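Observations on chain architecture
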Amino acid sequence: MSLISLKNVEVRHGELTALHSVNFSIDKGEIVTVVGPNGSGKSTLIRTIVGALKPSKGQMEHAEGLRIGYVPQKLFIDPTLPISVKRFMSLPRSFPHADVEEALRHTGASGLADRPMSALSGGQFQRVLLARAILEKPDLLILDEATQGLDQPGAASFYRLIETLRTELGCAVLMVSHDLHVVMSASDRVICMNGHICCEGAPEVVASAPEYRALFGSGTDGALALYRHTHTHSHDGDCDHDHDHEDHAHAG
């Protein structure tokens with residue numbers, strides 16, 4: 001059974017329909033990335049999956065006992081608040097010291113336990129957030145624009161870490177990202193959204209789809225270079241070409 005399954009889900013914000021006719025599932029061990037222009041419903045999808053929003057139509061099912069780890073798009077911590085990494089890791093509930101140390105080690109942040117959160121670089125901050133998320137021993141790890149603010153090498157390093165964690169922890173990973181030139185390399189499956197799922201499949205399938213190119217332009221083939229060099233296996237995928245995208249803004 002899938003960890004999460006959405007069937008014909010619609011989500012409304014007042015009079016605005018943010019998502020419609022969404023059918024989505026994710027299985028154990030999968031890395032799935034959601035891409036799309038601003039306002040395409042990516043964050044709405046994530047908020048629905050974590051339970052912050054309720055579908056106005058359709059069904060959403062979770063595997064029994066599903067544990068979710070979540071890394072938010074942004075987390076503001078008042079720089080005048082003297083909170084250490086170790087203290088942050090114990091919010092809102094404490095964990096055994098050994099578990100905290102292991103989580104920090106997993107994400108390459110083991111030397112940061114006594115540092116103030118306000119003194120961390122962007123990359124260090126994201127690794128600490130990721131460590132806090134995996135403390136929950138998640139079946140599904142969700143990252144909403146988790147590399148926002150990082151440069152491309154930093155983002156690439158973060159995605160390689162995600163791949164490693166998937167292998168070590170055996171969890172599924174669901175990511176929202178704008179980093180098209182990096183994100184494809186880390187994904188088993190890519191979902192392209194614009195209010196609905198307009199195309200999905202293996203990265204190379206999606207990148208060649210008319211729907212994807214209508215949204216992001218035709219000059220995005222470079223996004224797959226790293227994918228081709230680091231993966232030797234293939235994935236089956238398909239794209240639905242029945243949607244009209246003449247109104248889509250060019251985001252490339």
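These remarks concern the structure in this document. (Residues numbered from 1 in each chain as written. Predicted model: local features only at pLDDT ≥ 70, side-chain atom pairs only at ≥ 80, totals over all residues. Heavy atoms only, no water.)

**Some words on the sheet that holds strand S2 (residues 16-26)**
- The antiparallel open sheet is built from three strands, whose spatial order is S2-S1-S4. Each having just a single partner strand, S2 and strand S4 (57-62) make up the two edges of the open sheet. Looking at each pair of strands side by side, their axes are set apart by 25° on average, direction ignored.
- Across five bridges, strand S1 (residues 4-13) lies against S4 in antiparallel orientation. Its bridge partner being in S4, Ser5 is matched across the sheet by Glu61.
- Docked against the sheet, helix H1 (residues 42-49) engages S1, S2 and S4, running at close to 120° with respect to S1. (Pairing = 2+ DSSP bridges. Helix = DSSP H or I, 4+ residues; strand = E, 2+ residues; numbered from the N terminus. Axes fitted to C-alpha atoms, helices over the stretch in contact; angles between N-to-C directions. Contact = heavy atoms within 4.5 Å.)

**Overview of helix H5 (residues 152-169)**
- The first and last C-alpha atoms of H5 sit 25 Å apart over 18 residues, in line with the 26 Å expected at 1.5 Å per residue.
- Its side-chain oxygen at 2.8 Å from the backbone nitrogen of Gly154, Asp151 defines the N-terminal cap of H5. (Expected span 1.5 Å × (residues − 1). Polar contact = N/O pair within 3.5 Å; in protein donor to acceptor, adjacent residues only side chain to side chain.)

**What to know about unusual backbone geometry**
- With omega at -5°, the peptide bond leading from Leu91 into Pro92 counts as cis.
- In this fold, Pro92 is placed in the loop between helix H2 (85-89) and helix H3 (97-106).
- Its identity is not glycine, yet Asn8 carries a phi of approximately 50°, on the positive side.
- One can find Asn8 in strand S1.
- One non-glycine residue, Glu145, lies in the positive phi region at around 55°.
- With respect to the helices and strands, Glu145 occurs in the loop between strand S6 (140-144) and H5.

**A few points about the packing of aromatic side chains**
- Overall, the coordinates contain one aromatic pair when judged by the stated rule.
- Arranged with centres 5.0 Å apart and planes meeting at 50°, the rings of Tyr212 and Phe216 form a pair that is tilted. Of this pair, Tyr212 and Phe216 are both found in helix H8 (residues 210-216), four residues apart, which corresponds to roughly one turn of the helix.
- Among the residues examined, Phe216 registers a relative accessible area of 6% and is labelled buried. (Phe/Tyr/Trp six-rings, centres within 6.5 Å; stacked < 30°, edge-to-face > 60°. Buried < 20%, exposed > 50% of the residue type's maximum accessible area, 1.4 Å probe, protein only.)

**Some thoughts on the nonpolar core**
- Core analysis: the largest hydrophobic core is formed by 38 residues, its most contacted members being Met89, Met117, Val128, Leu130, Leu141 and Leu143.
- When residues in this core are grouped by element, the largest group, seven residues, is from helix H4 (residues 122-134).
- Discounting chain neighbours no more than four positions away, the residues touching Met89 are Phe95, Val100, Ala103, Leu104, Val128, Ala131, Arg132 and Leu135.
- Of all hydrophobic cores here, the second largest spans 24 residues; its members include Leu3, Val9, Leu19 and Val176. (Core = buried A, V, L, I, M, F, W, Y, C linked by side-chain atoms within 4.5 Å.)

This is a description of form; function is not addressed.
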